[in-house]
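# Topology and contacts: notes
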Amino acid sequence: MIFAVLQNGARPGRYTLTDSEHGHVWGTCPTVDGLFGNPRRGTYELFDWVPERAELPHWLGSRVWLVPTDDALDPWLLEDAKSARQFPDGLVLTGLDDYHGPPEAYTGPIRVHNGHEWLGSCCEFVRIVPDGQAAPPLVLRNLVPSERLRAALNKGTRRALDLGEAVLEIRDDHGVPLAEHVLWPKISTWHGSDLVDLELVAASFTPVPEYARPLWERWFTGPPEAEGAWAGLDTRRRAAWLDLVRERGWRYPDRPPGHAYVLDGRHITDEPGLYLALGEAVNGPGGYFGGCLDALADCLNGDFGYTFPATLLWNDASTARAHLSQGLIPEGRPWDLFTATLEVLAEGGMHVTLA
């Protein structure tokens, strides 16, 4: 079903706010302000920094691990990590902190790697936690409110304006689900009557990074029609593309046993590229077939376009072998993702021929 499009290109019902517990719709709207932004980033000052190579890139990786030299302590994760600046004998890193953060009261020394190579080490560090400033509100523009929402607005009490747990459902131009975000929104202000501009305070919401906006705008038009639309992206944007593929990864009709798949391995130069290529080999352009090894194993159990046994011809396999066979696990020990992927595929009944 094709929906009418507003003059600004947005679909009238692109965004739907739904109550999580009871499933009733609070309202639908064509645009949302605040969906994209720059999440608050934590900062680490690393003192007596000793780099593994002369110059670090500004963007260090989707996942950068900080590993205490004390083997009794676990490493922790800094996502979308950047090298902000260097100072005499030191380095400043910024990124999105893992849920756990550094071990309690530990301030160094640590070693740092990005899953592929060691970046350096320091004798001690200071962690600067982002300030407690509230995230910018989400503003649902030209919202068509439900009767329940109108009743809540008319009542206007603090309790009535607390919507509890809700889901912001996002659809593409064809009305097909694209992504969703779980929120705990509270209505702060609103304007209008028939169409409402509704401002929500949703403290749990992390905006989609600005660098991913062009990818979302591409997916708003629908999934790609040809394989490899992601091939020209860097690792950071490939990961964002994989997030969209994963969000849309509904269950696919399984093919009969014995099906032959062909994998285009020319662009498998990083981990997101591995899963994007596998998804397209099994389920076509924009297809999903796992976003990590555990998810890949789940897909091999059925309901994702695959029934064992089957065969996979992996073309240009040497590219993936060169880029994925010398990684590092969080603790820093060597890790061969290429071999591990072949083992998971074999356990799932996929006979792989490397070409």
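Counting secondary structure elements, the protein chain contains seven helices and 23 strands. By its C-alpha atoms, the protein chain is 60 × 60 × 35 Å across when sized along the principal axes. Looking at the protein chain as a whole, 46% of its 355 residues qualify as buried. Across the protein chain, the fraction of contacts at a sequence separation of at least 24, relative to all contacts at a separation of at least 6, is 67%. Accessible surface computed for the protein chain: about 17900 Å², of which carbon and sulfur atoms make up 51%. For the protein chain, the distance from the average position of its 30 positive side-chain charges to the average position of its 49 negative side-chain charges is 6 Å.

Let's shift gears to the pattern of salt bridges. Applying the stated criterion across every chain yields a total of 15 salt bridges. For the salt bridge of Asp-33 with Arg-141, the shortest nitrogen-to-oxygen distance reads 2.7 Å. Residue Asp-33 is found in strand β3 (residues 31-33), and its partner Arg-141 is found in strand β13 (residues 138-145); the two are separated by 108 residues along the sequence. Taking relative accessible area as the criterion, Asp-33 reaches 33% and is therefore assigned partly exposed. For Asp-80, the salt bridge is made with Arg-41, and the minimal N-O distance between the two is 3.3 Å. Residue Asp-80 is found in strand β8 (residues 76-87), and its partner Arg-41 is found in the loop between β4 (36-37) and β5 (42-47); the two are separated by 39 residues along the sequence. Exposure remark for Asp-80: the relative accessible area of 11% places this residue in the buried category. Under the relative-accessibility criterion, Arg-41 is labelled partly exposed at 24%.

Following Gly-108, the chain continues to Pro-109 via a peptide bond in cis, the omega torsion being 0°. Inspection of the secondary structure assignment puts Pro-109 in the loop between β9 (90-97) and β10 (110-113). A cis amide bond, omega -5°, links Phe-308 with the succeeding residue Pro-309. Its place among the elements puts Pro-309 in the loop between α5 (293-299) and β20 (310-315). Here the phi dihedral of Asp-80 falls at roughly 50°; this positive angle occurs in a residue that is not glycine. Its identity as a non-glycine residue notwithstanding, Asn-142 has a phi of 55°, on the positive side. Tracing the backbone shows Asn-142 in strand β13.

In this section: the confidence of the model for the protein chain. Summing up the model confidence of the protein chain, the mean pLDDT is 92 and the portion of residues at 70 or higher is 95%. The low-confidence segment residues 1-9, where pLDDT is below 50, has 15 contacts with residues more than four positions distant or belonging to other chains.

The subject of this paragraph is helix α7 (residues 337-347). Along α7, the residues that are buried comprise Leu-337, Phe-338, Ala-340, Thr-341, Val-344 and Leu-345. Down the axis of α7, the sector holding all buried residues measures 165°, keeping them to one side. In this structure, α7 carries Ala-346 and Glu-347 as exposed residues pointing more than 90 degrees from its buried face. Looking at the buried residues of α7, the elements they touch are α4 (271-283), α5, β20, α6 (317-324), β22 (334-335) and β23 (350-354). The N-cap of α7, judged by a side-chain oxygen 3.2 Å from the amide nitrogen of Phe-338 a few residues on, is Asp-336.

Moving on to the pairing of strand β16 (residues 186-191). Inspection of the sheet shows β16 paired to strand β17 (residues 196-201) by five bridges, in the antiparallel sense. Pairing of Lys-186 across the sheet is with Val-201, part of β17. In this structure, the hairpin formed by β16 and β17 is closed by a connection of four residues, where Gly-192 is found at a positive phi of approximately 105°.

Further remarks concern the side chain of Ser-146. Here Ser-146 lies in the loop between β13 and α1 (147-155). Leave out the neighbours within four places in its chain, and Ser-146 touches Val-25, Trp-26 and Gly-27.

Here we take up the layout of surface pockets. Of the pockets and cavities examined, the largest pocket occupies roughly 1400 Å³. As for the largest pocket, its lining consists of 49 residues, of which Ser-62, Arg-63, Glu-79, Ala-239 and Asp-243 are closest to the centre. Elements that contribute at least two residues to the lining of the largest pocket include exactly β7 (59-68), β8, β15 (177-183), β18 (208-209), α3 (235-247), α4, α6 and β21 (327-328). In terms of residue count, the dominant contributor to the lining of the largest pocket is α3 (nine residues). Its residues assigned to classes, the lining of the largest pocket shows 27 nonpolar, 13 polar and nine charged.

Summed over all chains, the structure comprises twelve aromatic pairs. Taking 6.3 Å as the distance between ring centres and 35° as the angle between the ring planes, the aromatic pair formed by Tyr-44 and Trp-76 counts as tilted. Here Tyr-44, found in strand β5, pairs with Trp-76, found in strand β8; they are 32 residues apart in sequence, far enough to count as distant. Taking the relative accessible area as the measure of exposure, Tyr-44 reaches 0% and is therefore buried. For the ring pair Tyr-106 and Phe-125, a centre distance of 6.4 Å and an interplane angle of 50° mean the geometry is tilted. Separated by 19 residues along the polypeptide, Tyr-106 in the loop between β9 and β10 and Phe-125 in strand β12 (residues 124-128) bring together distant segments of the chain. Each member of the pair, Tyr-106 as well as Phe-125, is classed as buried. One aromatic cluster in this structure is built from Tyr-44, Trp-76, Tyr-106 and Phe-125. Positioned above the aromatic ring of Phe-220, the side-chain terminus of Arg-14 is 4.1 Å from the ring centre.

Rules used throughout
Residues numbered from 1 in each chain as written. Predicted model: local features only at pLDDT ≥ 70, side-chain atom pairs only at ≥ 80, totals over all residues. Heavy atoms only, no water. Helix = DSSP H or I, 4+ residues; strand = E, 2+ residues; numbered from the N terminus. Buried < 20%, exposed > 50% of the residue type's maximum accessible area, 1.4 Å probe, protein only. Contact = heavy atoms within 4.5 Å. Areas by Shrake-Rupley, 256 points an atom, 1.4 Å probe, with all protein chains shown as cover. Lys, Arg positive; Asp, Glu negative; His and termini not counted. Charge placed at Lys NZ, Arg CZ, Asp CG, Glu CD. Salt bridge = Lys/Arg side-chain N within 4 Å of Asp/Glu carboxyl O. pLDDT = per-residue confidence, 0-100. Arc of directions from axis to C-beta. Polar contact = N/O pair within 3.5 Å; in protein donor to acceptor, adjacent residues only side chain to side chain. Pairing = 2+ DSSP bridges. 1 Å grid on protein atoms, 1.4 Å probe; cavity = no way out; pocket = protein on both sides within 12 Å on 5 of 7 lines; lining within 4 Å. Points joined across faces, edges and corners; volume = space filled by probe spheres on them. Nonpolar A, V, L, I, M, F, W, Y, C, P; charged D, E, K, R; others polar. Phe/Tyr/Trp six-rings, centres within 6.5 Å; stacked < 30°, edge-to-face > 60°. Lys NZ or Arg CZ within 6 Å of the ring centre and 35° of its normal.

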